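Chain by chain, the residues:
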Amino acid sequence: MSRSRLLVFAAIAVLVAAFFAFGGHKYLTFDNLKAQVSAAQSYYLSNPVKAIGGYFLLYVLVTGLSLPGAVPLTLVGGAVFGLLWGSVIVSFASTAGATLAFLVSRFVLREWVQEKLDKYMRPINEGVRREGGFYLFTLRLIPAVPYSAINLVMGLTPMRPWTFYWVSQCGMLAGTIVYVNAGTQLAAIQSPSGILSLGVIGSFLLLGFFPLLAKKFVGAVKARRVYAKWPKPARFERNLVVIGAGSAGLVSAYIAAAVKAKVTIVEKHRMGGDCLNTGCVPSKALIKTARVLSTIRRAKEYGLKNAVAQFDFAEVMERVQRVISTIEPHDSIERYTALGVECVQGEAKITSPWSVHISGNDGTKRTLTTRSIVIAAGARPFVPPIPGIEQTGYLTSDTLWGMRELPRRLVVLGGGPIGCELAQAFARLGARVTQVEMLPRLLMREDPEIAAMVETRFREEGVDVRTGHRAKEFRVEDGRKVLICEREGRDLAIEFDALLVAVGRIANTAGYGLEELGIPLTKARTVETNEFLQTLYPNIYACGDVAGPFQFTHTAAHQAWYAAVNGLFGSLKKFRADYSAIPWATFTDPEVARVGLNETEAREKGIAYEVSTYGIDDLDRAIADEEAHGVVKVLTAPGKDRILGVTIAGEHAGDLIAEFVAAMRHGIGLNKILGTIHIYPTMAEANKYAAGVWKKAHAPQRVLHYLERFHAWMRG
Ligand SMILES: Cc1cc2nc3c(=O)[nH]c(=O)nc-3n(C[C@H](O)[C@H](O)[C@H](O)COP(=O)(O)OP(=O)(O)OC[C@H]3O[C@@H](n4cnc5c(N)ncnc54)[C@H](O)[C@@H]3O)c2cc1C
C-alpha cells in the first residue's frame, strides 16, 4: 500500500477510534437522538439554514466514515424537517455520504484488494462492468442489505463514481421515504426495528427483486417472441446436434458424450476440419522441413563443413500428408463413435430452432429433433475481388497442399500470421518469394520492434518483403503472370509463377439455415453470440472460427466447452466464456508468441504500464544452440508485479509463453515467477530473467542503502 493511502487509512482509523473513545456512538443511538428531537425542532425553527447545513454535514460525516447511526439520523431528519424536506435532505446527504465512503474505500483499499484477490475480483469486475448499475440498484432497493457494506464493497470494484452516485440516489429513495415518514411519527416508535414490519420487509424484498424478475421476464418474453413461429417438438431425439467436425465441433461433441448426452456431429467434408487438413497441422509440418533446411544451410555456425540437403518438393508435400494421416485417428469417426458420439458424414441445415436436416454424403436424408444445436461451421480463406485474380489463378491455404511442384517465383499476398509462416517456409524451400502487404509492416497486431525482428530475418533469408504495397490488378501478359501494386501513388509490376492468397479468413455463414432463422451476424460477418455463446435463439450456440473473434484451434476448443456445457446444462447454470488470458503464436523464425496486452494496445486503450525486457541473445542455452536472438517483453501494472501482457520473440516462443499464460490466468505475478526454479540451461530461463529485470528495476533502494551500511558496520 502506498504511503498516501496508508496516511488516509491511518487518519480514518484515528477518527473512528476517537469517535468511539469520546462516546460518539452513545450520542447517535436511537434513544438519545429521540430525546434530542424537541430541542432540534426548536433550533430548526429559529435557524433553518444552519440546522439543515449542520444536519447534512453530520450525516455525510457519519455515513462517509461508515460509522453506526445512519438509521436514527434518518428518523430524526423526518421528525425535524417533515416528510418532504426530510426526504430531500436525507436523500442527498445519504447519497453524498455513501459516495464518500465509496471513494475512501476505492482510494485506500481497492488496489490492494484487487491485487491480493485478483483471481476472485476478476469475474466480479467483469460483472460490475457489464451490469454493475443494475445490481447496485437491486441492492439499494432492499434496506435489509447493509448500507455501509454496499458503499465499501462497491468502492473495490471498477464502478464509476458517477454511476454509483445516481444509482444509489434513485435506488435508496423508496427506503429513505419510508424511514423519514416513520421519523415524522417518532414519538410512536419504540425502536428502529419496529419500523419495518414483516409486511414492509416483504414489500421491499419484492421491490428489490423486481428488477431481477423483470429482467428474467423480459428475457423470457424475448425468447418466446423469437421462438413464436416455430412449433416445438414434444420430445427430442438428441440433446445436442453439432454442425462441423473441426476443432470446435469435435470438442463440443466430446464433452456431450462424456456427460452421457445423446449427441450427433455432422461433417460435410473431412473430420478434423481446417486445423488437421489444411491449417495448423500441414503448415507446421511444412515449416519443420523448411526449418531443417535452414539449419543445414547454417551448418558452419555449428562447426560443420559442407552440409547440404537434397530434396524433392513432392516428397516434402507427401510427408505433410503423412503427418496428417498420422494425426487423423485423433479426430476420426472411429474414435468419436467409440466415445459415444454419432458421427454423420453429410451436410447439415438448421430447419427450426429444434431440428436439423442432414443430407448424408451417401444420399440419405433425415431430420433430427434436438434440444440444443452447436454451430461450429468454421471459416474459409478470403479471396479479395482484385481485378484479374480469377484469370491468373491463385492458391489458398485450402488448395495449397495439393501442390507437388515448387513454384519458382511465388507471390504471397498478406502479411498476417498465415502469410508470414508460409512465405518463410516456401523461401526456405527454395522459391523466390515476394510478400505483398498493404499495411506498413508485417504482423500488424504485434509491436513494431517485434514485427521488425521477423521482417529483418525474412529479408536476410531472401524474402522480398513489400509492405505498404496495395495489390491493384493481376494481368497475364504474353503468358507471364504479373501483379500490379501501388506504392505511394506509383504503380509497379511483380512477375510471378504462383500466387498464394493469405489475406484473412471469413466465417462460413451461408447455406445452413442462418438466413431462414434470421440469426444475425456481426460486423465482422461472424455469427453473433452473447457471452454464453448463444445466438438469437438461446438453444442455438456458435463457437470457433464461425463465431470469432479469435481464429485459433485452442480458442475454438475453449469456446466449444462453453457452448456444449451451456447447451446441455444452461437451464440449470450457464457459464460466460472466459477470455481473460488468450495466447497465440505465429510460427515464423523467430517465433512470436503473445498473451494479454502489448505496448501498442496498452497505449491505444489508455492503460498505464511498465515494460521489462530481457534479450534472449544473452541466454546461455540460446547461445549454445546458435539461437541467441529474440526478446521476452513483459508489461506490468505500474509499481506492481501484476502481468498485463507478454510478448516473446525467439526460439520456442510458443512454448515459453505457457508459463505467463498460467500466471495471468491464475493471478500469479513476476515475483512468483522469479521465485520458481527453472532448469538450467533451458530457453524457459528467459522467463525468469525477464522477471529478474522487473525485480531489479523495483529494488527497494532505501533498504539497500541501509543494508550497505549494515554490512559496513558488520565489517567493523
Ligand atoms: C494455414 C493455417 C495455419 C493455421 N495455424 C494455426 C496454428 O498454428 N494454431 C492455431 O491455433 N490455429 C491455426 N490455424 C487456425 C485454425 O485452423 C482454426 O482456427 C481452427 O481450425 C478453427 O476450428 P473450427 O472448428 O472453428 O473450424 P473448422 O476447423 O474450419 O471446422 C469447421 C467444419 O465445419 C464443416 N461444415 C461447415 N458447414 C457445414 C455444414 N453445413 N454441415 C456439415 N459440416 C459443415 C466444415 O467442413 C469444417 O470441417 C491455422 C489456419 C490456417 C488456415
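Residues numbered from 1 in each chain as written. Predicted model: local features only at pLDDT ≥ 70, side-chain atom pairs only at ≥ 80, totals over all residues. Heavy atoms only, no water.

### Notes on the pairing of strand β19 (residues 631–636)
For step 1, the next point in the chain: Within β19, 6 of the 6 residues are buried, which leaves it mostly tucked inside the rest of the structure.
For step 2, the next point in the chain: Judged by which residues are buried, β19 turns out to be covered on both faces: V631, K633 and L635 on one side and V632, V634 and T636 on the other are all buried.
For step 3, the next point in the chain: Of the pairings in the sheet, the one linking strand β18 (residues 610–615) to β19 comprises 6 bridges and is antiparallel in character. Across the sheet, residue V611 finds its bridge partner in β19, namely L635.
For step 4, the next point in the chain: Summarising the sheet, β19 and strand β20 (residues 643–649) pair through 6 bridges and their orientation is antiparallel. Residue pairing across strands places V632 opposite I648, the latter belonging to β20.
For step 5, the next point in the chain: Hairpin connection between β19 and β20: a loop of 6 residues separates the two successive antiparallel strands, and G639 in this loop has a positive phi of roughly 75 degrees. (Buried < 20%, exposed > 50% of the residue type's maximum accessible area, 1.4 Å probe, protein only. Helix = DSSP H or I, 4+ residues; strand = E, 2+ residues; numbered from the N terminus. Pairing = 2+ DSSP bridges.)

### Overview of the sheet that holds strand β10 (residues 470–477)
For step 1, the next point in the chain: Spatial ordering of the open sheet is given by β10-β11-β12, a layout of 3 strands whose pairing is antiparallel. The two strands at the open ends of the sheet, each matched to only one other strand, are β10 and β12 (490–496). Taken over all neighbouring pairs, the strand axes of this sheet differ in orientation by 25 degrees on average, direction set aside.
For step 2, the next point in the chain: Pairing geometry for β10 and strand β11 (residues 480–487), over 7 bridges, is antiparallel. Residue pairing across strands places A471 opposite C485, the latter belonging to β11. (Axes fitted to C-alpha atoms, helices over the stretch in contact; angles between N-to-C directions.)

### What to know about unusual backbone geometry
For step 1, the next point in the chain: Cis geometry is adopted by the peptide bond preceding P590, which originates at D589 and carries an omega value of 5 degrees.
For step 2, the next point in the chain: Tracing the chain through its elements places P590 in the loop between β16 (583–586) and β17 (592–596).
For step 3, the next point in the chain: Residue P681 follows Y680 across a cis peptide bond; omega there is -15 degrees.
For step 4, the next point in the chain: Residue S66 is not a glycine yet carries a positive backbone phi of 55 degrees.
For step 5, the next point in the chain: Note on placement: S66 falls in the loop between α4 (48–64) and α5 (70–116).

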